[in-house]
Amino acid sequence: MVKKDLSITFLGVKFPNPFCLSSSPVGNDYDMCKKAYDCGWGGIVFKTIGPKSYVINEVSPRFDTLTKEAEPFVGFKNMEQIAEHSLEENLADLARLKKEYPDKVLIASIMGNSEETWEDLARKVTEAGADMIEMNLSCPQMTSHAMGSDVGTNAELCKRYCEAVKRGSKLPMMAKMTPNITDMVPVAKACLEGGADGIAAINTIKSICNIDLDKKIGMPIVNGKSAISGYSGKAVKPVALRFIQQMRTAIPNLEVSGIGGCETWEDAAEFILVGSKTIQVTTAIMQYGYRIVEDLCNGLMHYMEEQHVDHLEQLVGKANKNIIPAEELDRDYIVYPSIDKEKCVGCGRCYISCYDGAHQAMEWDEESRRPSCNHDKCVGCLLCGHVCPVGAISKGEVVFKKTAKPGRKVQDVRL
Amino acid sequence: MSEKYLKEYEAGYTPKLVMEEASRCLLCHDAPCSKACPAGTDPAKFIRSVRFKNFKGAAETVRINNILGAICARVCPTERYCQLGCSRSGIDKPIDIGRIQRYVTDYEDCLKMDILEKKASNGKKVAVVGSGPAGLSIAGLLALEGCSVVVFEKDAKAGGYMRYGMPEYRLPSSVVDKEIKRIQKLGVEIRTSTKVEDLKKLQKEYDAVVLAVGHSKGKMLPMFEGHRFVKTAVDFLHDCKKKKGNVKVPDNVLVIGGGDVAMDVVTTLKLLGVKQVTDVVYETFSEFKASKKELMGAQEQGVSIMDGFVPVSLKGKTVRFTHRFVPSEVKVKADLIILAVGQATEAGAFGLEVNKLQEVEKVEGNLFTCGDIYKGGEKTVVYAVRSAKEVAYKVKKYLGGK
Ligand SMILES: Cc1cc2nc3c(=O)[nH]c(=O)nc-3n(C[C@H](O)[C@H](O)[C@H](O)COP(=O)(O)OP(=O)(O)OC[C@H]3O[C@@H](n4cnc5c(N)ncnc54)[C@H](O)[C@@H]3O)c2cc1C
Ligand SMILES: Cc1cc2nc3c(=O)[nH]c(=O)nc-3n(C[C@H](O)[C@H](O)[C@H](O)COP(=O)(O)O)c2cc1C
Ligand code: SF4
Ligand code: SF4
Ligand code: SF4
């Protein structure tokens, strides 16, 4: 039975393991958070707490999903805002959780609508006993433009609000970024200048998942209309990883809490390798429950063992230097597909995709129902390898282009 | 002739297929499958691990909960246990839990994972009589607790009916070998070709003795006794397994019985190339004891099955049967007759009281029972594991309290 130390120190706070609930309904009150801690989550970012003056009034229904063939859903759209409970109730829950779970990490997510309210909320959650603060600068469906992702795209405003929070509290603080922006780096830098100690990324992506074809209204239909709102879940992982990579490259030693589409330990390991020290999860919990933390932890331990590391820190950011600008990639060679004729079941999908979506290099033998690659036409895109249903196509022979310098070698190629 | 017999009948999953099957799982709350596994293998948990790509974790769950996980994966009558209440049946058909478990334990084997961890020695000595699934499981479990365990086995090789009963095409000997190695690795000593006759002596020499001698004898019906062309099912299967399928069988064989053991016999005969295999069964199809899977396997092989008939007389090599409900009579002549009408225990030889279900009624002092002779369980491998878990706990308590 594998046993590894999963603890990690992030912004000076020690987490028993890197897995946290991200701020959302999965950490809405005391009972939920208690169950989550008991299931094994290392930390909780409590549902975002807003100023007393801002009244939350939610719509119903409020979710939609993107499905694909047999998959229940790969993406999730929500129209929720922030905590519905009263400020007093939330603060009382925070205090009780910290008292009962001193070894677990409790993070208060806050969202003000003015410098005063940010400062005030920071002070209040600190008094309640939170270990850390997360500033929600990124909810895409707030009914006020002074709040949420509209703020998160305005670097100057973010900086001022960070300063306000720092005036209200000495706790370590991370600013949660919106992905609804071309470049996250300027906002992240502004937050750090304003006093943020680290960055949390990403919040949800503005989206429309589906449209009802009869009624011609976006989904979900809220009394005859719908709205653009935040997208999350497995489908957003690539976007999250990309933003984190960009920030980690632009801002040396940036401490990051990674969020967006983490379901399996493999997802988690990816977030760690691009530089996240903790990983936050919502959609996978909404879909499968807190219990997923068992396989997140156990799977990550096995990965550590395979990698021969004793501390998670040793893996943080290990992929950063291997993700480089596209213009710097090696363009000297072509790798041809290698087709395993034993594994091949003769479906012809590689042939179709190569013809209709690539370079007509895959040839088809009608008699034997087997493909073969014509190297004169193949450009080595390996689209065929991605569509083959049985994994019969892998990387094969590597050939250098005429323009390549003589004596070139290739170390590692994989599709 | 033995080629078909030696090849595992059902192919294992590929990584892609196991994922597809795991994706069919509904990841139920309070999962019926886990509640229904007699050994507490917790299929809902290991399937979830597969679903979330944690294959090693899945292997840990199986192995920690079920010390014979790789064998159960192949031989459990899952339709009666874990798959019986599977929620997926509400959509189409249950998850193939046994086959997922097989993938997971094959994975464990491929990576040579070493999952079980022994506690420090507690200085206690335990003897186990019989190396079937029950004896092996309890030996392993007590070794994990720190006991020094010796298993006594009268046969030349360990494994009981896993070794000499279940046919090769369902349970390859290599799988049994590996499970036994795993248990030996925990420090268990197995003394084969050593029949225990004096139980009292053993009880004096060891702190505790576990009797796991199973139902090692095939039952005979009086009218068939003493004929050279009549064999019991377990003797026949034993012979096949020992000789790796190189046994001489005539072209026309009659089998009497309709349980899983009978199905193993008729399917084995067919795989060995016997032309005419006739199975005459006391139960009618609606009352059939054999699992559907086994029955279908036999039918697929082309076995003639007659249901509802009772043997009434034997003349030469011809058996006369009459039907239980309709006025009907058949005569079957065969060159070999195999009786699959149940097994009995030989535990009575130790002076112990044996009941109608072939269970030992009562044991006292430092003597315990386990497996088929344990009171109150079903007679399957997974129940042997379950009883081993229960009895290991009792033995531990007994030894601790001394
Ligand atoms: C043909 C056949 C097919 C079966 N198929 C299945 C199946 O598919 N799935 C399933 O779950 N169950 C199946 N069963 C039932 C299953 O095999 C038994 O329930 C199980 O083996 C019982 O385990 P056990 O350890 O109690 O006894 P056994 O497996 O019978 O082992 C008892 C061992 O004790 C040894 N022994 C006996 N007396 C002595 C002595 N005096 N000294 C030393 N050693 C002794 C015997 O040689 C034997 O090795 C099958 C049974 C048979 C006969
Ligand atoms: C229903 C729902 C409500 C959310 N509410 C909040 C919130 O109150 N505060 C916040 O910072 N993020 C909120 N989020 C965003 C999540 O915390 C997270 O950043 C995002 O969903 C991406 O992670 P995931 O793919 O694991 O869900 C919410 C997300 C969902 C799905
Ligand atoms: S896609 Fe794969 S399986 Fe289908 S024809 Fe091509 S190589 Fe064969
Ligand atoms: S041990 Fe047998 S009954 Fe239990 S889950 Fe596995 S296959 Fe099913
Ligand atoms: S009962 Fe069936 S569907 Fe439900 S968890 Fe078990 S295997 Fe999956």
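A. Region of interest: the overall build of chain A. Along chain A, the regular secondary structure elements total twelve helices and 20 strands. For 415 residues, the compact-globule formula gives about 22 Å, and the C-alpha radius of gyration of chain A, at 24 Å, lands near that figure. If you line up chain A on its principal axes, its C-alpha atoms span 75 × 55 × 45 Å. Among the 415 residues that make up chain A, the fraction classed as buried is 54%. For chain A, the share of sequence-separated contacts (at least 6 apart) that also reach a separation of at least 24 residues comes to 71%.

B. Molecular detail of the overall build of chain B. The secondary structure content of chain B amounts to 15 helices and 15 strands. Relative to a compact globule of 402 residues, whose C-alpha radius of gyration would be 21 Å, chain B shows 22 Å and is just as compact. Principal-axis analysis of the C-alpha atoms gives chain B an extent of 65 × 55 × 35 Å. The proportion of buried residues among the 402 residues of chain B is 55%.

C. Structural view of helix H12 (residues 233–242) of chain B. Residue and element names in this part refer to chain B. Among the residues of H12, Ala233, Val234, Phe236, Leu237, Cys240 and Lys241 are the ones counted as buried. Summarising the axial view, the buried residues of H12 lie within an arc of 160 degrees, below the 170-degree limit, and thus occupy one face. Of the residues flanking the end of H12, it is lysine 244, one or two places downstream, whose phi is positive at about 50 degrees.

D. Main features of the nonpolar core. If you look at the biggest cluster of nonpolar residues, it comprises 135 residues, and the most contacted ones within it are Trp41, Met177 and Cys191 of chain A. Discounting residues that sit within four places of it in the chain, cysteine 191 of chain A has contacts with Leu137, Cys158, Cys162, Ala175, Met177, Ala196 and Ile199 of chain A. By size, the runner-up hydrophobic cluster in this structure holds 50 residues, among which are Ile67, Leu142, Ala208 and Val382 of chain B.

E. Broad picture of the site of ligand 2. Residue and element names in this part refer to chain A. Neighbouring ligand 2 are 26 residues; Ser22, Ser23, Thr48, Gly261 and Thr283 lie closest to it. Here a nitrogen atom of ligand 2 sits 2.6 Å away from a polar atom, N or O, in the side chain of threonine 48. The separation between an oxygen atom of ligand 2 and a polar main-chain atom of glycine 233 is 2.9 Å. Bound to the protein, ligand 2 loses 99% of the 600 Å² it would expose on its own. Looking at side-chain class alone, the shell around ligand 2 contains eight nonpolar, 15 polar and three charged residues.

F. Expanded view of the domain arrangement of chain B. Residues and elements named next belong to chain B. As far as domains go, chain B holds domain 1 (3–110), domain 2 (125–216 + 345–399) and domain 3 (218–343). Using only C-alpha atoms to locate each centre, domain 2 and domain 3 end up separated by 29 Å. Each partner contributes residues to the interface: domain 2 has 16 residues there, and domain 3 has 13 residues. In total, domain 2 and domain 3 occlude about 1100 Å² of area from one another, counting both sides; carbon and sulfur atoms represent 52% of this. Contact with domain 3 buries surface across domain 2, with Tyr164, Tyr169 and Arg170 losing the most and accounting together for 46% of the total. On inspection of domain 2 and its partner domain 3, the count reaches two salt bridges. In this assembly, domain 2 and domain 3 are joined by six residue pairs in polar contact (both at pLDDT 80 or more). Sorting elements by how many residues they give to the side of domain 2 that touches domain 3 places helix H9 (residues 161–164) first, with four residues.

G. Main features of the packing of helix H10 (residues 292–306) of chain A against helix H4 (residues 43–51) of chain B. Closest axis-to-axis distance for the H10 of chain A/H4 of chain B pair is 10 Å, and the angle between their directions is 60 degrees. In terms of axis orientation, H10 of chain A runs oblique to H4 of chain B. The handedness of the crossing between H10 of chain A and H4 of chain B comes out as right-handed. In this structure, H10 of chain A uses Ile292, Glu294 and Asp295 of chain A to contact H4 of chain B, whose residues at the interface are Lys45, Arg48 and Ser49 of chain B.

H. Region of interest: a nonpolar patch on the surface. Residues and elements named next belong to chain A. A cluster of nonpolar residues, Ile208, Ile211 and Ile228, forms a patch on the protein surface that exposes about 300 Å² of accessible area. Locating isoleucine 228 in the fold gives a position in the loop between strand S13 (217–218) and strand S14 (229–232). Among the residues examined, isoleucine 228 registers a relative accessible area of 51% and is labelled exposed.

I. Fine view of the site of ligand 4. Around ligand 4, a shell composed of Cys37, Pro38, Thr41, Pro43, Asn66, Cys72, Cys76, Thr78, Tyr81, Cys82, Gln101 and Val382 of chain B is seen. Class assignment for the residues of the shell around ligand 4 results in eight nonpolar, four polar and no charged.

Here is what the cut-offs are and how they apply
Residues numbered from 1 in each chain as written. Chains lettered and ligands numbered in written order. Predicted model: local features only at pLDDT ≥ 70, side-chain atom pairs only at ≥ 80, totals over all residues. Heavy atoms only, no water. Helix = DSSP H or I, 4+ residues; strand = E, 2+ residues; numbered from the N terminus. Rg over C-alpha atoms; globule rule 2.2 N^0.38 Å. Buried < 20%, exposed > 50% of the residue type's maximum accessible area, 1.4 Å probe, protein only. Contact = heavy atoms within 4.5 Å. Arc of directions from axis to C-beta. Core = buried A, V, L, I, M, F, W, Y, C linked by side-chain atoms within 4.5 Å. Near = heavy atom within 4 Å. Polar contact = N/O pair within 3.5 Å; in protein donor to acceptor, adjacent residues only side chain to side chain. Areas by Shrake-Rupley, 256 points an atom, 1.4 Å probe, with all protein chains shown as cover. Nonpolar A, V, L, I, M, F, W, Y, C, P; charged D, E, K, R; others polar. Domains from an automatic or database assignment. Buried area = accessible area lost by both parts, 1.4 Å probe. Salt bridge = Lys/Arg side-chain N within 4 Å of Asp/Glu carboxyl O. Axes fitted to C-alpha atoms, helices over the stretch in contact; angles between N-to-C directions. Parallel < 35°, antiparallel > 145°, perpendicular 65-115°, else oblique. Left-handed = near helix turned anticlockwise from the far one by under 90°. Patch = residues over 30% accessible without salt bridge, like charges linked within 9 Å, V, L, I, M, F, W, Y side chains within 5 Å.

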